[in-house]
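The chain contents come next:
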Amino acid sequence: MFRTKRSVLVRRLWRSRAPGGGGEEEEEEAAAAAEAGAVAAAAEARAHVCGGGRGCCCPGKAGRGGRASAGAEAELKALTHAVLKRLKERQLEGLLHAVESRGGARTPCLLLPAKADSRLGQHWYPLPVLLCKVFRWPDLRHCSEVKRLCGCESYGKAHPELVCCNPHHLSRLCELESPPPPYSRYPMDFLKPTDCPDSVPSSTETGGTNCLAPGGLSDSQVLQEPGDRSHWCVVAYWEEKTRVGRLYSVQEPSLDIFYDLPQGNGFCLGQLNSDNKSQLVQKVRSKIGYGIQLTKEVDGVWVYNRSSYPIFIKSATLDNPDSRTLLVHKVFPGFSIKAFDYEKAYSLQRPNDHEFMQQPWTGFTVQISFVKGWGQCYTRQFISSCPCWLEVIFNNR
């Protein structure tokens, strides 16, 4: 019996569905626990870092069960096939390209009726949520758990007649934990303006000063002429304590930062010449893959983890303004987090103090490490010991 092209596409899509759980995230968790040094510490780290949402801004393995039962699997397959068979051949090809490239390729929106829902078990799911459950996150339950990426046609539209159902045009939304684990906190003293009296400055291409503060925390400072709005941030890439390449100035609202991306256009770390011969650095560099997407939106700056491994973020605006410590947030693959909030940053500057207008302030800096985290549950206490990491310095003019 001959199969039509549409039926072949549907079968390929079903074979490309997301696994039930585990995979590379389990391996990274085990590696992070091993770095903690002991089995007991590993269990504690697992409980803190990814235990049911506590100590981690997005659910880890605890929220990702195994493959569904045979009955549930059959029901999901029948529903998915029914939805896919309503699509046109060109739509099926675009969806398959998005799924098989894991979001690495630029694929068009999959516009379907916004009011169309599908019933799975006792629940009704909007089509975007259903396709995300099938192809990305089997544990997804509600549309409030996802965030639409700014490059999607449905971005910012409140009640469209057609909504994009391309699962790689959405990201999983991080929810900040409460209370945070104490081992991943840092003193807020590092946020105070400083002239770096105890550090060694090095010149940067922007004419500012890059200070390595005591303890290994970098305190990048970019001085600009008043009224200079040529860019909204600059990005520095570091390997341990050495900055690699020039500062990357960002003018466009969205920037891809990656090592290897099939259709990448942005800050390619794979093209930078590095003198670092460390095997760990080389290994982590190769795992950056699709990297992250940095986007300036109406409510702040968002970071979307496009890679296959977790990233770690520290930002002054992710914490309670009254807190004297900073939390390092672990962000899993496929998740987005609002890494920077301009209003909070300005409020933390002490507006009555006119001195902050004359000097840079570290609250406008976000630090991001790839694959390897830092803190008391790791052998790396400071981000300057991480193999590969970024510093994003925002323009506060």
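In this report, we go over the structure that sits alongside the text.

1. Comments concerning the state of the cysteines
A disulfide bridge is the covalent bond that connects two cysteines by way of their sulfur atoms.
Thinking step 1. Considering all chains together, one arrives at zero disulfides under this definition.
Thinking step 2. Lacking any disulfide linkage, Cys-109 is separated from the closest cysteine sulfur, that of Cys-164, by 3.8 Å.
Thinking step 3. We note that Cys-388 lacks a disulfide partner, and the nearest cysteine sulfur, in Cys-386, lies 9.2 Å from it.

2. Some remarks on the side chain of Ser-307
Thinking step 1. Position of Ser-307 relative to the elements: it lies in the loop between strand S16 (300–305) and strand S17 (311–314).
Thinking step 2. The class for Ser-307 is buried, based on a relative accessible area of 7%.
Thinking step 3. Looking at Ser-307, its side chain comes within polar contact range of the main-chain oxygen of Tyr-309, at 2.8 Å.
Thinking step 4. Residues within four places of Ser-307 in sequence aside, it is in contact with Lys-287, Ile-288, Tyr-290, Gly-291 and Pro-333.

3. Here we look at the sheet that holds strand S14 (residues 266–268)
Thinking step 1. Read across the open sheet, the seven strands follow the order S4-S6-S19-S16-S15-S13-S14; overall the sheet is mixed. For this open sheet the edge positions go to strand S4 (146–148) and S14, each flanked by a neighbour on one side alone. Strand-to-strand twist of the sheet, defined as the mean angle between neighbouring strand axes without regard to direction, takes the value 30 degrees.
Thinking step 2. Where strand S15 (residues 292–297) lies against S16, six bridges are found, and the strand directions are antiparallel. Counterpart to Glu-297 in the pairing with S16 is Gly-300.

4. Examining a positive patch on the surface
Thinking step 1. Taken together, the side chains of Arg-11, Arg-15, Lys-77 and Lys-85 define a basic patch exposed on the protein surface.
Thinking step 2. In this structure, Lys-85 sits in the loop between helix H4 (70–84) and helix H5 (89–100).

5. A few points about the packing of helix H1 (residues 5–15) against H4
Thinking step 1. Taken N-terminus to C-terminus, the directions of H1 and H4 make an angle of 140 degrees; their axes are 10 Å apart at the nearest point. By the criterion of interaxial angle, the relationship of H1 to H4 is oblique. For the crossing formed where H1 meets H4, the hand is right-handed. Where H1 abuts H4, its residues Val-10, Leu-13 and Trp-14 lie against Glu-73, Leu-76, Lys-77, Thr-80, His-81 and Leu-84.
Thinking step 2. Per-class residue counts for the contact of H1 with H4 are five nonpolar, two polar and two charged.

6. Here we look at H1
Thinking step 1. What H1 keeps buried is the set Leu-9, Val-10, Leu-13 and Trp-14. The buried residues of H1 all sit within an arc of 135 degrees when viewed along its axis, so they share a single face.
Thinking step 2. Elements that come into contact with the buried residues of H1 comprise H4, H5 and helix H6 (127–135).

7. Here we look at the environment of Gln-367
Thinking step 1. Relative to the elements of secondary structure, Gln-367 occurs in strand S20 (residues 365–370).
Thinking step 2. The exposure class of Gln-367 is buried, given its relative accessible area of 4%.
Thinking step 3. As for Gln-367 and Trp-389, which are separated by 22 residues in sequence, their C-alpha atoms are 7.3 Å apart.

8. Regarding unusual backbone geometry
Thinking step 1. Despite not being glycine, Arg-102 has its phi angle at roughly 55 degrees, a positive value.
Thinking step 2. As for its placement among the helices and strands, Arg-102 is situated in the loop between H5 and strand S1 (111–113).
Thinking step 3. Of note in the backbone geometry, Glu-240 takes a positive phi value of approximately 55 degrees without being a glycine.
Thinking step 4. Mapped onto the secondary structure, Glu-240 falls in the loop between strand S11 (233–239) and strand S12 (242–250).
Thinking step 5. Owing to a relative accessible area of 28%, Glu-240 belongs among the partly exposed residues under this scheme.

9. A few points about the nonpolar core
Thinking step 1. Counting 40 residues, the largest nonpolar core has Val-235, Val-303, Ile-313, Ile-368, Phe-370 and Phe-394 as the members making the most contacts within it.
Thinking step 2. At four residues, the largest contribution of residues to this core is made by strand S19 (residues 335–340).
Thinking step 3. Those residues in contact with Ile-368 that sit more than four places away from it in its chain are Ile-292, Val-303, Ile-311, Phe-312, Ile-313, Ile-383, Trp-389, Leu-390 and Val-392.
Thinking step 4. Counting residues in hydrophobic clusters, the runner-up holds 30 residues, among them Leu-79, Val-83, Leu-110 and Val-146.

10. What about the pattern of salt bridges?
Thinking step 1. Scanning the model with the defined rule gives 10 salt bridges in all.
Thinking step 2. Note that Glu-297 is salt-bridged to Lys-147, the shortest N-O span being 2.8 Å. You can see Glu-297 sitting in strand S15 and its partner Lys-147 sitting in strand S4, a full 150 residues away along the chain.
Thinking step 3. By relative accessible area, Glu-297 is classed as buried at 13%.
Thinking step 4. Take Lys-147: its relative accessible area is 12%, and that puts it in the buried class.
Thinking step 5. Taken together, the shared-partner salt bridges connect Lys-5, Glu-89 and Glu-93 into one network.

How each quantity is defined
- Residues numbered from 1 in each chain as written.
- Predicted model: local features only at pLDDT ≥ 70, side-chain atom pairs only at ≥ 80, totals over all residues.
- Heavy atoms only, no water.
- Disulfide = S-S within 2.5 Å.
- Helix = DSSP H or I, 4+ residues; strand = E, 2+ residues; numbered from the N terminus.
- Buried < 20%, exposed > 50% of the residue type's maximum accessible area, 1.4 Å probe, protein only.
- Polar contact = N/O pair within 3.5 Å; in protein donor to acceptor, adjacent residues only side chain to side chain.
- Contact = heavy atoms within 4.5 Å.
- Pairing = 2+ DSSP bridges.
- Axes fitted to C-alpha atoms, helices over the stretch in contact; angles between N-to-C directions.
- Patch = residues over 30% accessible without salt bridge, like charges linked within 9 Å, V, L, I, M, F, W, Y side chains within 5 Å.
- Areas by Shrake-Rupley, 256 points an atom, 1.4 Å probe, with all protein chains shown as cover.
- Salt bridge = Lys/Arg side-chain N within 4 Å of Asp/Glu carboxyl O.
- Lys, Arg positive; Asp, Glu negative; His and termini not counted.
- Charge placed at Lys NZ, Arg CZ, Asp CG, Glu CD.
- Parallel < 35°, antiparallel > 145°, perpendicular 65-115°, else oblique.
- Left-handed = near helix turned anticlockwise from the far one by under 90°.
- Nonpolar A, V, L, I, M, F, W, Y, C, P; charged D, E, K, R; others polar.
- Arc of directions from axis to C-beta.
- Core = buried A, V, L, I, M, F, W, Y, C linked by side-chain atoms within 4.5 Å.

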